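# Fold and geometry: a report
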Amino acid sequence: MESEDDMHDANDAESLDDFYSGETAADSDDLDAADYEGLFFPILHGFWLPFCGGLMQNYTILTEADIRQRQEDDITRISTVLSIPRVSASILLRHYYWSVSKVHDEWFADEEKVRKAVGLLEKPVVQFPNARELTCGICFENYPRDRISSAACGHPFCGTCWAGYTSTAITDGPGCLMLRCPDPTCGAAVGQDMINLLASDEDKEKYSRYFLRSYIEDNRKTKWCPAPGCDYAVDFIVGSGSYDVSCRCSYSFCWNCTEEAHRPVDCGTVAKWILKNSAESENMNWILANSKPCPKCKRPIEKNQGCMHITCTPPCKFEFCWLCLGAWSDHGERTGGFYACNRYETAKQEGVYDEAEKRRDMAKNSLERYTHYYERWATNQSSRQKALADLQQMQTVNIEKLSDKQCQPESQLKFITEAWLQIVECRRVLKWTYAYGYYLPEHEHAKRQFFEYLQGEAESGLERLHQCAEKELQTYLDADGPSKDFNEFRTKLAGLTSVTRNYFENLVRALENGLSDVDSRGACSRTASSKSLGGGSSKARGGRGKGTSSRSSSSSRNLDDSGHWSCEHCTFANVRSATICQICQQRR
């Protein structure tokens, strides 16, 4: 009986064969290239998949109209069930962080307690039934009754004082949503109806914005997209698995920490890495590794060329030897000249400089190690940004251009868009694997070796795919007319996309499992190895994961049910008649 993985891989191979024959699922659904323009591509399980009705996702993107509608619906629901005014319902929901269920639970458990906590009074605290004039509680001026306003408590204040009070509160920020009566002894809530009645137009607009934003910011299930200038919000199903979210603005981020999407690396590692990139500690490491203090004034000095004779900058001007830090007046031909120092070598052998040199070497090694990982992290980031720009150019300009030159409908060219989407996502994953590698403990040699192998395979596959999509495609864009080998290019690019996706799936799966495929003896367990390295796949059942004893036995086992053989080098499924892999050109 086939395993579940085998069945999935067989389906993948089947769909790949359908793609090569031109019978794709997208064709059957009449999805043409125009449908891809501006299409929302969420990240599902760490890899892009076109958004369509058949896919389930654990979040919803909300526009401002969506937010306002949901807010109004919740207010209406509470107002109807509890038989209270809409203003009171909004105050209740705001107090309980827009949780309808929490409002219901607390209200029906102890209505009086809730009213007191929120400031919803059933009747006025003070009443002036027959008074024609009332004294403002702030300015103590007497005003006709029609110029006095009060909250549910009944405390009287004039319109001017109310306007100043509400304006100050709104200027101070979102705290105005919890505004209470100006009387210091009173806790009656001041609702939006009072704001609309007494505040200026500008303050009303501010209050309305705070009120709308509170629906997102106070609710633990919703967040704003952190991309600069983006006004979309995300409603997330907490506890539903992956934290990766892709907004309609094309920005992908982690729901948990709101940093950019970083699967398969955990949020803690990302936080440490970002802090390290911005911390002053690396500056100190650089200073320690690349400079020495002047023996007289102790200022750090960098030596980037020249001899060992160093002169400190004014006003110090102390002259000393770079190696032993002794006064230069004690040096000369007898101590080794300008480019060496016998005193230093002698002192080093005697152990005088051991401690200082050890600290400097440690700092240098630490800095070199950090630089190694940071440069690759940053390079993949810039490559991803370039790939995003190329993807946009492809979707808006080049697809149409290529369709005209190769005389093919745009619906048959979507494999190019798929390749670029895969490149963008894989660059993101690869970037964060370097942060993972930096924090992987040095003493866990087996895990590090396994990690570097998976990372190397994934990176190698990605580079082949990126080069094919970037450089080889340009040949067909520059062609004067249809090219005979364009279908071969289609097969190659689609195959590279599939192979690269497999490599990165293996890498992501291994890192999310904490490289648990490596057992305590420092070797990969047989089952895990065959899965991670492609041995369990119908497209990759060859010698990579299982280690065959002869070429003939390997070749026979490499044939799958559909008559394809998988390349031992890149795992690509080639047709039976081929003797050379179409992707990596390795012989069968």
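Residues numbered from 1 in each chain as written. Predicted model: local features only at pLDDT ≥ 70, side-chain atom pairs only at ≥ 80, totals over all residues. Heavy atoms only, no water.

One pass over the structure, following the stated rule, counts zero disulfides. Its sulfur unpaired, Cys247 is 3.7 Å from the next cysteine sulfur, which belongs to Cys249. The closest cysteine sulfur to the non-disulfide-bonded Cys249 is located on Cys230, 3.6 Å from its own sulfur. (Disulfide = S-S within 2.5 Å.)

What follows is about the pattern of salt bridges. Should the charged atoms of two oppositely charged side chains come close, the side chains can pair. Counted by the stated rule, this structure contains 20 salt bridges. With a shortest N-O distance of 3.7 Å, Lys386 and Glu470 are connected by a salt bridge. Of this pair, Lys386 sits in helix α14 (residues 354-406) while Glu470 sits in helix α16 (residues 445-478); the two residues are 84 residues apart in sequence, bridging distant segments of the chain. You can call Lys386 partly exposed: its relative accessible area is 42%. Judged by relative accessible area, which is 31%, Glu470 ranks as partly exposed. Here Glu452 makes a salt bridge to Arg448, at a shortest N to O gap of 3.7 Å. Of the two residues, Glu452 and Arg448 are both situated in helix α16; the distance of four residues between them amounts to about one turn of the helix. Judged by its relative accessible area of 42%, Glu452 falls in the partly exposed class. Look at Arg448 and you get buried, because its relative accessible area is 9%. By sharing partners, the salt bridges in this structure join Glu64, Arg68 and Arg209 into a single network. (Salt bridge = Lys/Arg side-chain N within 4 Å of Asp/Glu carboxyl O. Helix = DSSP H or I, 4+ residues; strand = E, 2+ residues; numbered from the N terminus. Buried < 20%, exposed > 50% of the residue type's maximum accessible area, 1.4 Å probe, protein only.)

Here the focus is the environment of Asp110. In this fold, Asp110 is placed in the loop between α6 (100-109) and α7 (111-118). The exposure class assigned to Asp110 is partly exposed, which follows from its relative accessible area of 36%. Separated by 3.1 Å, the side chain of Asp110 and the backbone nitrogen of Lys113 make a polar contact. (Polar contact = N/O pair within 3.5 Å; in protein donor to acceptor, adjacent residues only side chain to side chain.)

On to the confidence of the model for the chain, then. Close inspection of predicted coordinates is inappropriate in any region flagged by low pLDDT. Residue-level pLDDT values for the chain average 78, and 74% of them are 70 or greater. Considering each helix and strand of the chain separately, the mean pLDDT is smallest for helix α3 (residues 33-36), with a value of 34, and largest for helix α4 (residues 64-82), with 95. (pLDDT = per-residue confidence, 0-100.)

What follows covers the packing of α4 against α6. Where α4 meets α6, the axes come as close as 11 Å, and the angle between the chain directions of the two elements is 20°. With respect to α6, the axis of α4 lies roughly parallel. At the point where α4 passes α6, the crossing takes the right-handed sense. Between α4 and α6, the residues in contact are Asp74, Arg77, Ile78, Val81 and Leu82 and Val100, Val103, His104, Trp107 and Phe108, respectively. (Axes fitted to C-alpha atoms, helices over the stretch in contact; angles between N-to-C directions. Parallel < 35°, antiparallel > 145°, perpendicular 65-115°, else oblique. Left-handed = near helix turned anticlockwise from the far one by under 90°. Contact = heavy atoms within 4.5 Å.)

All right, on to the nonpolar core then. In this structure, Ile416, Trp420 and Leu493 are the most contacted members of the largest nonpolar core, which totals 53 residues. Elements with a contribution of two residues or more to this core: α11 (267-278), α14, α15 (414-439), α16 and α17 (486-512). Here this core gets 15 residues from one element, more than from any other, and that element is α15. Residue contacts for Trp420: discarding those within four places in its chain leaves Ala387, Asp390, Leu391, Met394, His466, Ala469, Glu470 and Leu473. With 49 residues, the next largest nonpolar core counts Leu92, Tyr207, Phe211 and Ile216 among its residues. (Core = buried A, V, L, I, M, F, W, Y, C linked by side-chain atoms within 4.5 Å.)

The next thing to look at is the packing of aromatic side chains. Applying the stated criterion across every chain, the model contains 26 aromatic pairs. Centroid distance Phe157 to Trp162: 5.7 Å. Interplanar angle 85°. Geometry classified as edge-to-face. Note on accessibility: Phe157 and Trp162 belong to one class, buried. Seen from their ring centres, Trp273 and Tyr374 are 6.4 Å apart, and the 35° between their planes marks the pair as tilted. With a gap of 101 residues between them, Trp273 in helix α11 and Tyr374 in helix α14 connect regions that are remote in the sequence. By relative accessible area, which is 0% here, Trp273 ends up buried. A relative accessible area of 31% means that Tyr374 is categorised as partly exposed. (Phe/Tyr/Trp six-rings, centres within 6.5 Å; stacked < 30°, edge-to-face > 60°.)

The end-to-end C-alpha separation of α15 is 39 Å, in line with the 38 Å expected for 26 residues at 1.5 Å each. In terms of burial, α15 is largely enclosed, as 25 of its 26 residues are buried. (Expected span 1.5 Å × (residues − 1).)

What follows covers the sheet that holds strand β8 (residues 222-224). Adjacent strands of a sheet form backbone hydrogen bonds with each other and so pair up, either parallel or antiparallel. Pairing within the open sheet is antiparallel, and its three strands lie in the order β3-β9-β8. In this open sheet, the two edge strands, each paired with only one partner strand, are β3 (59-62) and β8. On average, each strand axis in the sheet is tilted by 25° relative to the strand beside it, whichever way the strands run. Where β8 lies against strand β9 (residues 233-236), three bridges are found, and the strand directions are antiparallel. The partner of Thr222 across the bridge, within β9, is Asp235. Running at roughly 105° to β3, α4 makes contact with β3, β8 and β9 of the sheet. This element, helix α10 (residues 201-217), spans β3, β8 and β9 of the sheet and lies at about 120° to β8. (Pairing = 2+ DSSP bridges.)

Another aspect to go through is the environment of Asn196. Positionally, Asn196 belongs in helix α9 (residues 192-198). Here the alpha-carbon distance between Asn196 and Tyr207, two residues eleven residues apart in the chain, equals 9.2 Å.

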